[in-house]
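So you can see what is in the structure, the chains are spelled out below.
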Amino acid sequence: LARLGDIREGCRYVRIGRKLLDKIGSKEVAGEVICMGTQVMCFIEPVQAALEAHIQGHKTALTAGDTHGALLNSVCYVGTSFWAGTKLSVWRERYDLARRLMEEHDHMTFLAHISQWEENFSILTGANDYNVPEIEGVRNVREGNPHASCTQALQEM
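Residues numbered from 1 in each chain as written. Predicted model: local features only at pLDDT ≥ 70, side-chain atom pairs only at ≥ 80, totals over all residues. Heavy atoms only, no water.

Trainee: What exactly am I supposed to notice about the overall build of the protein chain here?
Mentor: Broken down by element type, the protein chain carries 8 helices and 0 strands. In the protein chain, the succession of helices and strands from N to C terminus is α-α-α-α-α-α-α-α. Each of the 157 residues in the protein chain was classed as buried or not, and the buried ones make up 41%. Intrachain contacts of the protein chain at a sequence separation of at least 6 include 60% that bridge at least 24 residues. Carbon together with sulfur atoms contributes 55% to the accessible area of the protein chain, which is approximately 9,300 Å² in total. (Helix = DSSP H or I, 4+ residues; strand = E, 2+ residues; numbered from the N terminus. Buried < 20%, exposed > 50% of the residue type's maximum accessible area, 1.4 Å probe, protein only. Contact = heavy atoms within 4.5 Å. Areas by Shrake-Rupley, 256 points an atom, 1.4 Å probe, with all protein chains shown as cover.)

In structure tokens:
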């Protein structure tokens, strides 16, 4: 519903989904539900509030053994904290931690996605070069990813 333009109704369903998670106690998909729901809630609540939700989603997913859900929350946390105005030095530490976690699990899609953030960081800090992860397959995923291409085009404007 949120994607169709009814953000308030989408947020209502997010709240229902989170209450159901608590009531049923299912942890297998909790990380992903928290992550996606948090992205919808950012349209209503302050973006800074999403940071805590992504931390909770990451921990919940790891507890359930859901690596994908944990990494998904890490990706969203890095992006959200960038837009929330986190100090760049603090953001860099969080980014490096997320990147290491993704490298450990060989998650090329998420690595390709967050490599754009490293480029943005380098531009903002005045670095002459940026360090896109030199991991086999990441460049191919990034170049073939329409979302990453769109993000890069918007950043170059």
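Trainee: What's the story with the environment of L72 in this structure? I'm lost.
Mentor: Note on placement: L72 falls in helix α4 (residues 67-83). Under the relative-accessibility criterion, L72 is labelled buried at 10%. Placed 15 residues apart in sequence, L72 and G57 show a C-alpha to C-alpha distance of 9.0 Å. Non-local contacts of L72, meaning those with residues more than four positions away in its chain, are made with E32, C35, M36 and F110.

Trainee: Would you take a moment to explain the packing of aromatic side chains for this structure?
Mentor: Each aromatic ring pair is summarised here by two numbers: the centre-to-centre distance and the angle between the ring planes. Per the stated rule, a full pass over the model turns up 3 aromatic pairs. Where F82 meets W83, the ring centres are 5.5 Å apart and the plane angle is 85°; that geometry is what we call edge-to-face. Seen in terms of ring centroids, F82 and W91 are 5.4 Å apart; in terms of plane orientation they differ by 70°. Their pairing is edge-to-face. Judged by relative accessible area, F82 falls into the buried class, the value being 13%. By the ring-pair criterion, three or more aromatic residues cluster together here, those being F82, W83, W91 and Y95. Across from the ring centre of Y13, 5.1 Å away, lies the NZ or CZ of R12, which sits over that ring. (Phe/Tyr/Trp six-rings, centres within 6.5 Å; stacked < 30°, edge-to-face > 60°. Lys NZ or Arg CZ within 6 Å of the ring centre and 35° of its normal.)

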